[in-house]
Amino acid sequence: MDGSGGELRRLRRLEKYLRVMVVAYSDAGLILIEAVPIVGKLSFYVDNPVSREFVKILPPRFHQKAIHYPLGIVTRIDNGVLLSYKIISYDGKQNYNYCKILRLMIYSSETGLWNDETVHLPFSFELINKCRCSISLNGNLYLLACKDDLKEFVLSIDYNATCRVTPFPDLDKRRKFERFFTTSQGNLMYMNIFFHDGSLDHKLFFHDGSLDHKLCVWTLKSWEWQLVSEISADFTKTFQLAINLFDATTAYFRCMKRHCLLSINLDNGEFVRYLKDNIFECYYSSFVLP
């Protein structure tokens, strides 16, 4: 095992790799890196920035023709000590369309081996955005999925490959943003903006003068969504990013009109504007380190 920083820089400098990128993380601080060579098979690297351990993991040999999508990492922790982890991947060829099964390939750090696991659900579904929407938290991997009737839900996979389905709490409402989830204070969080008259394009007001934009925030407790905040404010030309990892009363947005970062206090609806940026089109990713 080498120090993670030097090894990752070395991988990026090597011309034999088409792509080296971070594809997933865990709340225990592990980062999953995918390296795609010009010739040969891809490989994974699990990086621990704290201990500076860097482990190379080859894909399973018994699925050499499969298209591997690394969904994320689940961990087993005891009293704050990381005991082991598993990489959850799946074959994109076999799970591209709506179906009732999800064929997983799971790598265990305890055995150093890959094993097949097949997940069965009582309805047809499809994963959305693969690992771009996955979160590893408290020993579970949370994924965004969609039924064949287009109703979205959270699919969770635990360390033993046991799955659970949790519908979103706003399936009967017209939302502004595509659904995604974030974390705060060790909990899975979901937020979105809703419009009472169904309009998405104009700044509308109630009779009392309050804005017809309502931001709702939920947290997942005991596998049920609990509404923790509901405020009215002007969210015109904003894009939601995340909730503060340590403070569940602070959410972040990007103002596309002024090209700046905004934070909002979920208790009183007050905005704070940060420095202007020059990024007009970009992707945002967040990684949790201990």
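Keep in mind that what you see is a predicted model, and the values were worked out from it rather than measured.

Parameters and conventions
The residue count restarts for each chain, going from 1 along the sequence in the order it is written. Residues qualify for local features only when their pLDDT is at least 70, as the model is predicted, and side-chain atom pairs are given and counted only at 80 or more; totals for whole chains, interfaces and linings, by contrast, use all residues. Excluding hydrogens and water, the side-chain values take into account all heavy atoms of the structure. At least two bridges found by DSSP between two strands is the condition for calling them paired. Secondary structure is summarised from DSSP: a helix means a run of H or I of at least four residues, a strand means a run of E of at least two, and numbering begins at the N terminus for each. All axes are obtained by fitting lines to C-alpha atoms, using only the stretch in contact for helices, and the reported angles, taken between N-to-C directions, cover 0 to 180 degrees. Residues enter a patch when their relative accessible area is above 30% and they make no salt bridge; the linking distance is 9 Å between like charges and 5 Å between nonpolar side chains (Val, Leu, Ile, Met, Phe, Trp, Tyr). Where accessible areas are quoted, they stem from the Shrake-Rupley method and a 1.4 Å probe; at the residue level, only the protein chains shown are allowed to cover. Basic side-chain nitrogens of Lys or Arg form a salt bridge, by our definition, when they fall within 4 Å of a carboxyl oxygen of Asp or Glu. Exposed residues in this analysis have more than 50% of their type's maximum accessible area, buried residues have under 20%, and partly exposed residues fall in between, with area computed by a 1.4 Å probe over protein chains only. Geometry of aromatic contacts follows a simple scheme: Phe, Tyr and Trp rings, the Trp one being its six-membered ring, pair when their centres are within 6.5 Å, and the pair is stacked under 30 degrees between planes, edge-to-face over 60, tilted otherwise. Joining through side-chain atoms within 4.5 Å is the link that ties buried Ala, Val, Leu, Ile, Met, Phe, Trp, Tyr and Cys residues into a set, and such a set is a nonpolar core. Note: pLDDT gives the predictor's confidence per residue, expressed from 0 to 100. Residues are treated as being in contact if the distance between any of their heavy atoms lies within 4.5 Å.

S.K.: Break down the sheet that holds strand β14 (residues 187-195) for me, citing the residues and quoting the values.
M.R.: The four strands lie next to each other as β13-β14-β15-β16, forming an open sheet whose pairing is antiparallel. The two strands at the open ends of the sheet, each matched to only one other strand, are β13 (182-184) and β16 (224-232). Averaged over all pairs of adjacent strands, the angle between their axes in this sheet comes to 35 degrees, without regard to strand direction. In the sheet, strand β15 (residues 213-221) pairs with β16 via eight bridges, with the strands oriented antiparallel. In the sheet register, Val217 faces β16, and the bridge partner there is Ser229.

S.K.: Hey, could you go over a nonpolar patch on the surface for me, with residue numbers and the actual values?
M.R.: Taken together, the side chains of Leu18, Ile38 and Val39 make up a nonpolar region of the molecular surface, amounting to roughly 350 Å² of accessible area. Along the polypeptide, Leu18 turns up in strand β1 (residues 17-25). Take Leu18: its relative accessible area is 62%, and that puts it in the exposed class.

S.K.: Explain the sheet that holds β1 residue by residue, including any values.
M.R.: Taken in spatial order, the four strands of this open sheet run β1-β2-β3-β4, and their pairing is antiparallel. Here the strands that pair on one side only, and so sit at the sheet edges, are β1 and β4 (53-57). Adjacent strand axes in the sheet meet at a mean angle of 20 degrees, parallel and antiparallel pairs treated alike. Here five bridges tie strand β3 (residues 43-48) to β4, and the two strands are oriented antiparallel to one another. Bridging from a neighbouring strand, Phe44 pairs with Ile57 of β4.

S.K.: Quick one: what's the story with unusual backbone geometry, residue by residue and with numbers?
M.R.: Positive phi is not limited to glycine here, since Asn79 has a value of about 55 degrees. As for its placement among the helices and strands, Asn79 is situated in the loop between β5 (68-78) and β6 (81-91). Asn79 gets classed as exposed once you look at its relative accessible area, which sits at 76%. The residue Asn138 is not glycine, and still its phi comes out positive at about 55 degrees. Relative to the elements of secondary structure, Asn138 occurs in the loop between β9 (135-137) and β10 (140-147).

S.K.: Tell me about the packing of aromatic side chains, and name the residues and values.
M.R.: Taken as a whole and assessed by the stated rule, the structure comprises 11 aromatic pairs. On the basis of an interplanar angle of 65 degrees and a centroid distance of 6.4 Å, the ring pair of Phe125 and Phe153 is categorised as edge-to-face. Here the residue Phe125 occupies a position in strand β8 (residues 113-127), and Phe153 occupies one in strand β11 (residues 152-158), the gap between them amounting to 28 residues. For Phe125, a relative accessible area of 2% translates into the label buried. Phe153 sits in the buried class, given a relative accessible area of 1%.

S.K.: Can you break down the nonpolar core residue by residue, with the values?
M.R.: Ranked by size, the top nonpolar core spans 20 residues in total, and within it Leu71, Ile88, Leu102, Leu104, Phe125, Leu127 and Leu155 carry the most contacts. Every element with two or more residues in this core is listed here: β5, β6, β7 (99-108), β8, β10 and β11. Broken down by element, this core gets its largest block of residues, five residues, from β8.

S.K.: Requested: an account of the pairing of β8, with residues and values cited.
M.R.: Note that β7 and β8 share nine bridges and pair antiparallel. Bridge pairing in β8 links Ser108 to Leu113.

S.K.: Requested: an account of the confidence of the model for the protein, with residues and values cited.
M.R.: Per-residue confidence for the protein averages 79 on the pLDDT scale, and 77% of its residues sit at or above 70. Across residues 198-210, where pLDDT falls below 50, the model places 23 contacts with residues more than four positions away in sequence or in other chains.

S.K.: Just give me the short version of the environment of Leu58, but keep the residues and values in it.
M.R.: You can see Leu58 is positioned in the loop between β4 and β5. Separated by 16 residues in sequence, Leu58 and Leu42 have C-alpha atoms that sit 7.3 Å apart. The residues touching Leu58, leaving out its near neighbours within four places in the chain, are Ser43 and Trp114.

S.K.: Lay out the pattern of salt bridges with the relevant residues and their values.
M.R.: Pairs can form between side chains of opposite charge whenever their charged atoms are close. This structure, assessed with the given rule, holds four salt bridges. Taking the shortest distance from any N to any O, the salt bridge between Glu110 and Arg76 comes out at 2.7 Å. One end of the pair, Glu110, is in the loop between β7 and β8; the other, Arg76, is in strand β5, and 34 residues separate them in sequence.

S.K.: I'd like to hear about the pairing of β7, residue by residue, with values.
M.R.: A large share of β7 lies buried, amounting to seven of its 10 residues. Across five bridges, β6 lies against β7 in antiparallel orientation. Bridged to Ser89 within β7 is Met105. Between β7 and β8, which pair antiparallel and follow one another directly, the connecting turn spans four residues, one of which, Gly112, has a positive phi of 75 degrees.

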